[in-house]
Each structure stands twice: as C-alpha cells, then as structure tokens.
Amino acid sequence: MERNLSMYPEVVTLGETMVVFEADLDGPLRYVNKFYKRHGGAESNVAIGVTRLGHTAGWISRVGDDELGKYLVSSIRGEGVDTTYVTYDNNYPTSIYLKERLREGSTQVYYYRKGSAASQLNYLDFNWDYIKNAKIIHLTGITPLLSESCLEATRQVAKFAKENDITLSFDPNLRFKLISENPDAKDILLELVSQADVFMPGLDEAEYLFGTSDYEEIAYRFHQNGGSKICIKNGSVGTYYSTKDGESGFLPSYKVDRVIDPVGAGDGFAAGILSGLLEKKELSECVKLGATVGAMVVTVKGDIEGLPCKKDIETFHDAEKDVLR
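Keep in mind it's a predicted model, so treat the numbers as computed, not measured.

Below, the discussion takes up the overall build of the protein. On a plain count of helices and strands, the protein comes out with eleven helices and 13 strands. For 325 residues, the compact-globule estimate of 2.2 N^0.38 gives 20 Å, and the C-alpha radius of gyration of the protein, at 19 Å, lies within 12% of that figure. Taking all 325 residues of the protein together, the buried fraction comes to 54%. Of the contacts formed within the protein by residues at least 6 apart in sequence, a portion of 68% connects residues at least 24 apart. Looking at the protein as shown, the accessible area adds up to about 14900 Å², and 48% of this sits on carbon and sulfur atoms. Across the protein, the centroid of the 36 positively charged side chains sits 3 Å from that of the 48 negatively charged ones.

For the rest of this paragraph, the subject is the side chain of N182. Looking at the secondary structure, you find N182 in the loop between helix 5 (176-180) and helix 6 (185-195). Under the relative-accessibility criterion, N182 is labelled buried at 18%. Setting aside residues no more than four positions away along its own chain, N182 makes contact with L145 and I188.

Let us look at the confidence of the model for the protein. Summarising the model, the protein shows a mean pLDDT of 92, and 96% of its residues fall at 70 or more. Long-range and interchain partners of residues 1-5, a stretch whose pLDDT sits below 50, account for nine contacts in this model, where long-range means more than four residues apart.

Each pair of aromatic rings is reported with the distance of its centres and the angle of its planes. In this structure the tally under the stated criterion is twelve aromatic pairs. Through pairs of rings, three or more aromatic residues link up here, namely F170, F199, F210 and F222.

On to the pairing of strand 4 (residues 57-64), then. Judged by how many residues are buried, strand 4 sits mostly within the fold: eight of eight residues are covered. Across the two faces of strand 4 the burial is the same, with A57, W59, S61 and V63 and G58, I60, R62 and G64 all buried. In this sheet, strand 4 lies alongside strand 1 (residues 11-14) in parallel orientation, the contact comprising four bridges. Bridge pairing links V11 to A57 in strand 4.

Glancing now at the sheet that holds strand 10 (residues 198-199). The strand order 5-4-1-8-9-10-11-12-13 describes an open sheet built from nine strands, whose pairing is mixed. Every interior strand has two partners, whereas the edge strands, strand 5 (86-89) and strand 13 (248-252), have only one. Here six bridges tie strand 11 (residues 229-234) to strand 12 (residues 238-243), and the two strands are oriented antiparallel to one another. Following the sheet pairing, I232 is matched in strand 12 by Y240. Its contacts with the sheet put helix 2 (residues 67-78) on strand 4 and strand 5, and the angle it makes with strand 4 is roughly 170°.

Below, the discussion takes up the packing of helix 6 against helix 7 (residues 203-210). It is at 10 Å that the axes of helix 6 and helix 7 come closest, and there the two elements cross at 105°. By the angle between their directions, the pair helix 6 and helix 7 is classed as roughly perpendicular. Contacts from A185, K186, L189, L190 and V193 in helix 6 reach Y208, L209 and F210 in helix 7. Considered class by class, the residues forming the contact of helix 6 with helix 7 number seven nonpolar, no polar and one charged.

Procedures and definitions
Residues numbered from 1 in each chain as written. Predicted model: local features only at pLDDT ≥ 70, side-chain atom pairs only at ≥ 80, totals over all residues. Heavy atoms only, no water. Helix = DSSP H or I, 4+ residues; strand = E, 2+ residues; numbered from the N terminus. Rg over C-alpha atoms; globule rule 2.2 N^0.38 Å. Buried < 20%, exposed > 50% of the residue type's maximum accessible area, 1.4 Å probe, protein only. Contact = heavy atoms within 4.5 Å. Areas by Shrake-Rupley, 256 points an atom, 1.4 Å probe, with all protein chains shown as cover. Lys, Arg positive; Asp, Glu negative; His and termini not counted. Charge placed at Lys NZ, Arg CZ, Asp CG, Glu CD. pLDDT = per-residue confidence, 0-100. Phe/Tyr/Trp six-rings, centres within 6.5 Å; stacked < 30°, edge-to-face > 60°. Pairing = 2+ DSSP bridges. Axes fitted to C-alpha atoms, helices over the stretch in contact; angles between N-to-C directions. Parallel < 35°, antiparallel > 145°, perpendicular 65-115°, else oblique. Nonpolar A, V, L, I, M, F, W, Y, C, P; charged D, E, K, R; others polar.

Following this line, the structure appears as structure tokens:
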C-alpha cells in the first residue's frame, strides 16, 4: 500500500493484543456469570496512550480472522492507532484472557494465548519502509517469548532500529508464565536490554535481570552497554531515572487515594515517557508525565480506559496544586 510520508507514525510497536473478559463481580471466577468485553495488550496500550497525548502510533500484529480479531482491530483503530499492518490469520485464533476481580484494586488474570495468531508473527511479513520512518520503536519482553518466529521478529526489528538510528524503547513487562516455559528467557531479555536506547523496567524486573535492586548499579550497567535513558519504576514509592550524560534523580509517585485497577499502569507510564521524548523534554519531565499517566490509569477499570489526553493531565496537576495550597 502506498502511503504519504506525513502519515507514517512517530511510534511503531509490535506484539499481541488479547480480548479481555473481565468479571463483573468481585471474587473467584467460579461464581461469576457475566463479563465485560475489553481488550488489552502492552504494546497496543502504549500506542493508544501515545495517541491520546497528541502523537501518532502504529501497531503491528496478527489476529485471528474471526469476530474477536475484527473487534480488536476496529477498536484499536478507533482509538487513532494505525493498524494498516495488522494481519488477519485464518489458521490461528485471536487470544483471550480472563480478568478475575479478587477485590477492589486487586486482580488476577488467566491467559489463553498458546497457538494464537499473534504467536505466528513473522518478520518476513513486515513493511520495513513503514518501520524505518518511525522516530521510536517500542518493544516489550512479552513478544519474544511467545514463539520462535516472534523472537526472530523482535530481534530483526531491534537490529533494524540500531542500523537505521531509530530510538529503541524496551519495557521488559515480565510474564513469569512465559518465562517458566523458556529456559533462555533471561538471556533473551538481556539481549534486548543491551540494544535498547530507552529502558523502563520495574524494580523487581530489573532485579530479576541484573541480580540487584540498587538503582545506581542497575543504571550503571545499562549505560555501560550504551543505553541512553533508564527509568526504574518502584510502584507507589517512585521512579529513579538516569541518562548516560549524567542526569539522574528520583520522583516520588503521585498519591492515589483509591486504586481501582492496577493493570495497565506500566503501559501508561511508557506512553508518557515516549510522548515526552517526542516533545524533546528532559528525562525528568518525561518521568513526571509518565508517572502522571500511570497514576491516572489505576483509578479506572480496564487497561486503556484511564489513559488521559493532555487536557486531563492539566486537570490532574491543577487539582494537585489545589490540594497543596
């Protein structure tokens, strides 16, 4: 398909998005009879977050040639994300997951993704001109662990980013069920960390990968590999950030009085960071934006429902100032 250069998205990401069936009651799933249909996937969540903050994003994936796949593409496209290079696969199904609401602010998820259409993602299907025109490519640690073809696709995209001087962003987004099924998981993830320009782990994820919970040691080791910017998230405590040029600091998390749904907060944080980088902000300002988005996401049910636009961000900080007066 011919595309005008001005239509190429600033951020390109790739990975699996699943249809979410969320219980409408708190408690074990065996007592639940009704579910809300939503969608969730780390990469598409980030793409949607970026578009809501005024930038452009494209999502590359595969979905089943089924009603659930059509729902995903229609919904994500409706959020303003470019889905031109999402492939419909008539041999494999769209994946789903069930979200159990144990109690308010506490959830458990059950994935049904083995043999999914997205696990058949293949770099031979990619339009490299499309990817080449991105300013940022965003990857997570989920995609390379889905299958051999997904691993090779991730490796090829990371390599392509480095060869074409495109900023490579990486969020490990650890899924321990996938890790338990892949004995090489840590090595695969560290390989991607070593290629990343921007790295956004949670503190527990960084400890798994590097064997230490010391912020400065983690940052030092990342920068030693050539990485430019790192943001280490520590939940309700705050975020440590560092650049290879010597900027570093710690931003306490914004106080959230009532956490409704914690799922998607990290993706919201990533969307804020990437949006800030596109706007040429200092890393400290990017972290402030990311932390704001993350704090807003957890106050609403669903992975993407709480992702804010710029006006929402302004309202959030205005209310914060009023509290401090």
